Structures are given as C-alpha cells and as structure tokens.
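Chains, contacts and geometry: an overview
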Number of protein chains: 2
Amino acid sequence: MTAELVDAVLAGSRRALARLLTRIENGEPGTQEALADLFPHTGHATVIGITGAPGTGKSTLVNALAGAFRAEDRTVGIIAVDPTSPFSGGAILGDRIRMQDRSGDPGVFIRSMATRGSLGGLARAVWDAIRVMDAAGFDVILVETVGAGQSEVDIVRVAHTTVVVEAPGLGDDVQAIKAGILEIADVLVVNKADRGGASSTVRALKAMLELGHPLARSRLMGQYEAAHHLAASPVAADIPDATWVPPLIQTIATSEDSGKSGITELVHAIASHKRFLVDSGLMAVLEAQRIQLEVYERLQSELMRRFIHALPAERVQTVVMQVRARTLDPQQAVFALLDTVGEGN
Amino acid sequence: MTAELVDAVLAGSRRALARLLTRIENGEPGTQEALADLFPHTGHATVIGITGAPGTGKSTLVNALAGAFRAEDRTVGIIAVDPTSPFSGGAILGDRIRMQDRSGDPGVFIRSMATRGSLGGLARAVWDAIRVMDAAGFDVILVETVGAGQSEVDIVRVAHTTVVVEAPGLGDDVQAIKAGILEIADVLVVNKADRGGASSTVRALKAMLELGHPLARSRLMGQYEAAHHLAASPVAADIPDATWVPPLIQTIATSEDSGKSGITELVHAIASHKRFLVDSGLMAVLEAQRIQLEVYERLQSELMRRFIHALPAERVQTVVMQVRARTLDPQQAVFALLDTVGEGN
C-alpha cells in the first residue's frame, strides 16, 4: 500500500502526494519506510523559507512569488506552517483562502500544516513534507512560517534561502522580534512598501545591516553542539571564507497583478543568493551540516529510546521522587539512572 | 569562589545574585556546581508565567502585578525574556525601561535575559535563573516572554500558573497566534480593556473557552514522549481527574496607579489557580512531570555526549557524505553509527 503510494507520488500524482502528506502529518505507520524510499529521489528542489513577524503580509507575498516562478515555468510546492488551533487540532489561518488564486494551476501544490508538536518548533512533519515534495519533482518549494520564535530558526535548517519579511508601522514588541530574526535573513524584504513609514523602516534595517551581518548559517551546527554539550563537529570546520550581505528589497504584494511591485527583484535576489552558495562552496557545506544535524537528532532519539527501554519504570519514579524531595539534584539523578543500566562512567 | 557566591546568594545579597545570574547566562565554569548547591533550597517560590502576542502590554501588566504582590508584602523576582539582538548579543527591548518603576524597591529584583540559544526556545539559562531566584528566597517569580512560539510552550514547564495576555484590535496573524497559545492559559487576561473592540475580543475568547479547555499541562509529558518516541511515562498516568476553566479577567495596566483596573482580580485568579492545583493534587503531579522532563533532557544530553565521545570523527563525516550521495537515508546512517560503537541492535 505504502509502496504503491510512493510510486504514485514519484509518477506525479497530486492525489497520492496529498494522501502521503496527510499520513505523515498524522504519523501513520509506514511513513518512515515511504520517506526512506523517496529519499534517493530528493535533493533537486530549491527550498525557500519565507518568514517574518505577524502582519507583514507574508501569505500575499508567497502567492506573488509563486506566480513569478510559474511565469518562469517552474513548478511550485507551498507549505504554509500555521499555528495549531488548540481545539480542533487543525490549522486556523483564514489567510490561506487568499492562496486559492493558484489552486486552478496544476503546477502549484499548496499544503497547510499545523505546528502540532510544540517541542521542536517547526515539526519534523514539515521537514518530511519538504522531502516528499522534493521527491515529487517540484522545482521550488516555498515554506511560509507565521510568528516569531523557534520555527523561524528551524527554517534556516531546511531552506536554501531564507527571506525575512518586514513591514512598516508595526509596534515595539514586533520591532524587537524583527531584530531577533534579522540574523537568519539571506534576503530582506520590506513589504507594504507603499505604506507610511516604509522609508524609515528601510533606513533602520540598512543601519543594522551595516553593523555587520554574521553568517548565521555557519553557526547552525555550532548552536546544536553548544545546546547539547557536544564537541565541535569536523564538518563545521570546513566553512569557506565567503561573505553575503543580504540585499534589501522593497515589495508591494497585492492580490491584483497591477498593484504588484518588487517581486521580480525578489526572485532575482533569491537566484543570486543561490548562485553565491554554489559558487562559494557553501551550498555543499550547508547540506553536509544539515544532514549531520538530522542524523544527530535521530541518533539522540534512538539512544534515548533504547536507554528508556532498558530502564525499569519504577526506577524513574524513585529518582523523580528523590529530586522532588531535594535529596538528589537533577544531574545526580541522571548519573543514578546511568548507574542502574550499568552505564555509570 | 563559587561557594562564596552561593552563600552570599542564600544570605540575600542582591549583588551576589546578579553576579551569579550573569555567570549562568554566560555559561561560565562552576555554575553547574552552584546550581547543585542551591538546589536543596528551592521549591518555595510561586512561579507565574506571563505571555502573549506582541502588542498586548505584557510589560506594563507585569509591572502592575509586581506592585500588587509588593502591597501584600511578598518579594518579587522578575525575569523578562527578550529576543536577542543579533548584533550585540544583548537584550534589546526598550520596554524594560518601563519597569524601572520598581527599581528603587529592595523587595523587587528585575532581570532581563536574552533567549540566546535558539535551539530549545526558553533557554536553559532561564530555568536556571528561576531556580537561583527561588533559592534566594523570592516569594513570587514573574517570568515574562515576548512573542509566540516555543518560549510560550516552554513557560508552561516552569510556571505554576500561566497567564496569557490578549488585547483587542490586533491583526489577523496575531489573532491566530493568540489561538495557538490559548491552550496554555491558566488565566486569560484581556488587557487594554478600555480600547475599542475589547468586548468583542472577550466574547470571542469566551466562545472558544466554552468549546472546552483541555488541561494542556497534563499533556506536557505526553508531548515529550511523542517527540522523542518514548514509551508513556509512569508518572503521567497519575493525573487526577480535575478540571480548571481559565477565568477571563479584563485589565487596564497603565503606569499611573489611578488608571489601573482589574489587577486585584488578576491576583485573586492566580491565587485561586494555585489553590486548585494544590487541592486537586495536580501540583504534586505537575512537579513530578516537570522533574522527569528535566531529568530526561539531561539524560539525553549525557547519552549523546558519551556516544559522540566514543565515535571517531571521521566516521561521522563518512556517514554524512553517504547520506549526501543518497546511498544511505538518515535513519540508516543512525544505525551505521550505532554499529560503529558496537551498539547495533
């Protein structure tokens, strides 16, 4: 059944694609096998992340971008990552309705996904969906995330190019979040450029960019190592000495074609960034880092799964109660558990 | 040196507290030992999380809440978790200036912390800071987080009571984020209740609450297990069958005392929630879950650290290159690494 579905996805069936994505999102059995079968067919799509603070008009911009790629005759997969409704468990953004523009076009496939698992931010399901769309042969995959936080940082891990969308005239808190995600921008967009305050937003962003833009991606692996107390990875040492200053593009993304502005420039900026990655050798390094990160995360899950399997459940409860009573601290509790399974030292 | 600092913190020195928090934030050596020494002195503070979408006036509300607790003669520690500036590495919210109101009062201690490590959302440093303030004897610890995403979910893990702040008249994207974090609310606040649209915001929230409010906290451990493919924990099975419907409080938090409204009601709601937790037995269960989660995370880090230590670095590179060449899929790579260290099966 899964094998047939995989074959149908590879043959270009949109129905099979939709069904497989649903299965992945629901964590149904057989999906890991399907992903393994599809894996050899991946690695061809250009993955573009579109992210930004609330109210910046990301969905409309994604729609406009999709139109521009279609005009170049490239097929487009869109993954819109939504906050999850706490009650239905489903995605809740009415926003998606705007994307229906493209729904008559067989060269565009749109998928809304909910960030169901709060642990891990951009859910594993989203990564898997990108891989499936890649195997299904889409030339470009646009991943849109809403909000600010973990998902924006995670997007750097899957996207070749990350577009950070800003807009003039948002509040102070939003400004702060914007600054927090500037770091991940390969291309900066000031959308709604016809709004009052656009020129001061552009000025402020330019000033920040002139302060220097560290190549955040090269630190991906470093972050993971720091977070998990690991030694520096050999792969991370190979970062070529190349610098990319994120271009700042002003756009007006409206649903009417006549009102649009800056979209062509944005498409060019994205293409330039990809050329930079390839020419500098960074593309290869980033792909290796990304793979290492994924392998490490899967390894960590597997190690934990095996350890917990070997550990008597009562032992966990005993140790937790000792920590609650403050007779053990949490790190001592870890050593006590390692001792139980005979891995003390 | 660290031992002296710990003694000084326990003796109530604010300077020592500030220095230790800085050391923790910088990940300086000796901080793990300091935390272990402080651990037996923790468990007395009431930890309250204040979270919400951008623009809801959280900082001003935190300030007003601190004032109300001070009026009851309770000491207050405030941790304001800020997005990190990508360039300075420091916290960037001008917002904090508003909190200076309280800075003359020795019964209030304010700390801004940056969510430096993007992996893991609310950084480990924040948890550690809560623990230090708890050991230092603060009666109430208010943890304010900005934005939406991982940090809001993480706050549930450390706070006894999570207050979700809403405000009328925010945009559509923000509405969506609001819905996403409603799930974690123990107490719901509609701040800026004097603004236009307040009554419709209240109506909308009430309608959502009436749809049923799952007790999100009881699913904390379940989420972790699902995310890490673990078996169900024994502790999570003990959830008492108790229901809490989050009260909805309308507030006006301004910097002038005369304009304030609803703050007393909010303090009462927080106290009722704590009483509910204690009376129902949920407090004990939640504390056990929280400890188990922390022990599991530390255990996972430790297992990974040991495994990577035993693994030849060239082996990692070889496997990564095989995945890049699509001759191994990422999960097969994990099994290959386990084989290397003699843990295949």
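Everything that follows concerns the structure shown earlier in this document.
Scope of this entry: the structure provided in the associated data block.

Calculation notes
Residues numbered from 1 in each chain as written. Chains lettered and ligands numbered in written order. Predicted model: local features only at pLDDT ≥ 70, side-chain atom pairs only at ≥ 80, totals over all residues. Heavy atoms only, no water. Helix = DSSP H or I, 4+ residues; strand = E, 2+ residues; numbered from the N terminus. Buried < 20%, exposed > 50% of the residue type's maximum accessible area, 1.4 Å probe, protein only. Contact = heavy atoms within 4.5 Å. Areas by Shrake-Rupley, 256 points an atom, 1.4 Å probe, with all protein chains shown as cover. Phe/Tyr/Trp six-rings, centres within 6.5 Å; stacked < 30°, edge-to-face > 60°. Lys NZ or Arg CZ within 6 Å of the ring centre and 35° of its normal. Axes fitted to C-alpha atoms, helices over the stretch in contact; angles between N-to-C directions. Parallel < 35°, antiparallel > 145°, perpendicular 65-115°, else oblique. Left-handed = near helix turned anticlockwise from the far one by under 90°. Nonpolar A, V, L, I, M, F, W, Y, C, P; charged D, E, K, R; others polar. Pairing = 2+ DSSP bridges. Polar contact = N/O pair within 3.5 Å; in protein donor to acceptor, adjacent residues only side chain to side chain. Patch = residues over 30% accessible without salt bridge, like charges linked within 9 Å, V, L, I, M, F, W, Y side chains within 5 Å. Salt bridge = Lys/Arg side-chain N within 4 Å of Asp/Glu carboxyl O. Lys, Arg positive; Asp, Glu negative; His and termini not counted. Charge placed at Lys NZ, Arg CZ, Asp CG, Glu CD. Expected span 1.5 Å × (residues − 1). Core = buried A, V, L, I, M, F, W, Y, C linked by side-chain atoms within 4.5 Å.

Structural notes on the overall build of chain A
Secondary structure assignment for chain A yields 13 helices and seven strands. Across the 345 residues that make up chain A, the buried fraction comes to 57%. Within chain A, residue pairs in contact and separated by at least 24 positions form 76% of the contacts whose partners lie at least 6 positions apart. For chain A, the computed accessible surface area is about 13100 Å², with 51% contributed by carbon and sulfur atoms.

Topic: the packing of aromatic side chains
Per the stated rule, a full pass over the model turns up four aromatic pairs over all chains. Both rings, one in A:F109 and one in A:F138, keep their centres 6.2 Å apart while their planes meet at 40°; by these two values the pair is tilted. Of this pair, A:F109 sits in strand β3 (residues 108-114) while A:F138 sits in the loop between α5 (124-135) and β4 (140-146), and the two are 29 residues apart along the sequence. For the pair shown, A:F109 and A:F138 are each scored as buried. Positioned above the aromatic ring of B:F39 is the side chain of A:R326, whose terminal nitrogen or guanidinium carbon lies 4.9 Å from the ring centre.

Quick word on the packing of helix α1 (residues 2-10) of chain B against helix α2 (residues 14-25) of chain B
Residue and element names in this part refer to chain B. At a minimum axis separation of 8 Å, α1 and α2 run at an interaxial angle of 130°. The angle between the axes of α1 and α2 places the two elements in the oblique class. The two elements α1 and α2 cross, and the hand of that crossing is left-handed. Counted together, T2, L5, A8 and V9 of α1 and A16, L17, R19, L20 and R23 of α2 form the full contact between these two elements. Classifying every residue of the contact of α1 with α2 by side-chain character gives six nonpolar, one polar and two charged.

Details of the pairing of strand β5 (residues 161-166) of chain B
All names here are of chain B. For β5, the buried fraction is high: six of the six residues fall into the buried class. Because side chains alternate across β5, one face comprises the buried residues T161, V163 and V165, and the other comprises T162, V164 and E166, equally buried. The sheet contact formed by strand β1 (residues 46-52) and β5 spans five bridges and is parallel. Across the sheet, residue I50 finds its bridge partner in β5, namely V163. As paired strands, β5 and strand β6 (residues 187-190) are joined by four bridges and run parallel to one another. Counterpart to V164 in the pairing with β6 is L188.

Brief notes about the pairing of strand β1 (residues 46-52) of chain A
For β1(A), the buried fraction is high: seven of the seven residues fall into the buried class. Taking every second residue as pointing to the same face, both faces of β1(A) are buried, with A:T46, A:I48, A:I50 and A:G52 on one and A:V47, A:G49 and A:T51 on the other.

Describing the side chain of A:D186
Positionally, A:D186 belongs in the loop between α7 (172-182) and β6 (187-190). Among the polar contacts made by the side chain of A:D186, one reaches the side chain of A:H273 at a distance of 3.4 Å.

Looking at a negative patch on the surface
Residue and element names in this part refer to chain A. A contiguous patch of negative charge on the surface is contributed by E4, D7, E33 and D37. Contributions of two or more residues to the negative patch are made by α1 (2-10) and α3 (31-38). Checked against the element boundaries, E33 lands in helix α3. E33 gets classed as partly exposed once you look at its relative accessible area, which sits at 47%.

Section: the packing of helix α12 (residues 313-324) of chain A against helix α11 (residues 282-310) of chain B
Axes are the key here: two packed helices are described by the angle between their axes and the distance separating the axes. Direction vectors running N to C along α12(A) and α11(B) enclose 110°, while the axes themselves pass 9 Å from each other. One way to sum up the angle between α12(A) and α11(B) is to call them roughly perpendicular. Facing A:V316, A:V320, A:M321, A:V323 and A:R324 of α12(A), the residues of α11(B) in contact are B:A284, B:E287, B:A288, B:I291, B:Q292 and B:Y296. Taken together, the residues of the contact of α12(A) with α11(B) break down into eight nonpolar, one polar and two charged.

Regarding α2(B)
The periodicity of an α-helix, 3.6 residues per turn, causes residues three or four places apart in sequence to face the same way. Residues and elements named next belong to chain B. For α2, with 12 residues, the first-to-last C-alpha span of 16 Å sits near the 16 Å given by 1.5 Å per residue. Where α2 is buried, its residues touch α1, α3 (31-38), β3 (108-114) and α5 (124-135). In this structure S13 caps α2, since a side-chain oxygen of it lies 3.3 Å from the backbone nitrogen of R15.

Examining the nonpolar core
In terms of nonpolar packing, the biggest core is built from 41 residues, with B:I79 and B:V132 touching the most fellow members. For this core, the element with the highest residue contribution is α5(B), accounting for eight residues. If we ignore the near neighbours within four places in the chain, the residues touching B:V132 are B:V9, B:L17, B:L20, B:L21, B:I24, B:L35 and B:L38. Core analysis: the second largest hydrophobic core is formed by 40 residues, A:A16, A:A136, A:V156 and A:V190 among them.

Any functional reading would require information beyond the geometric quantities listed.
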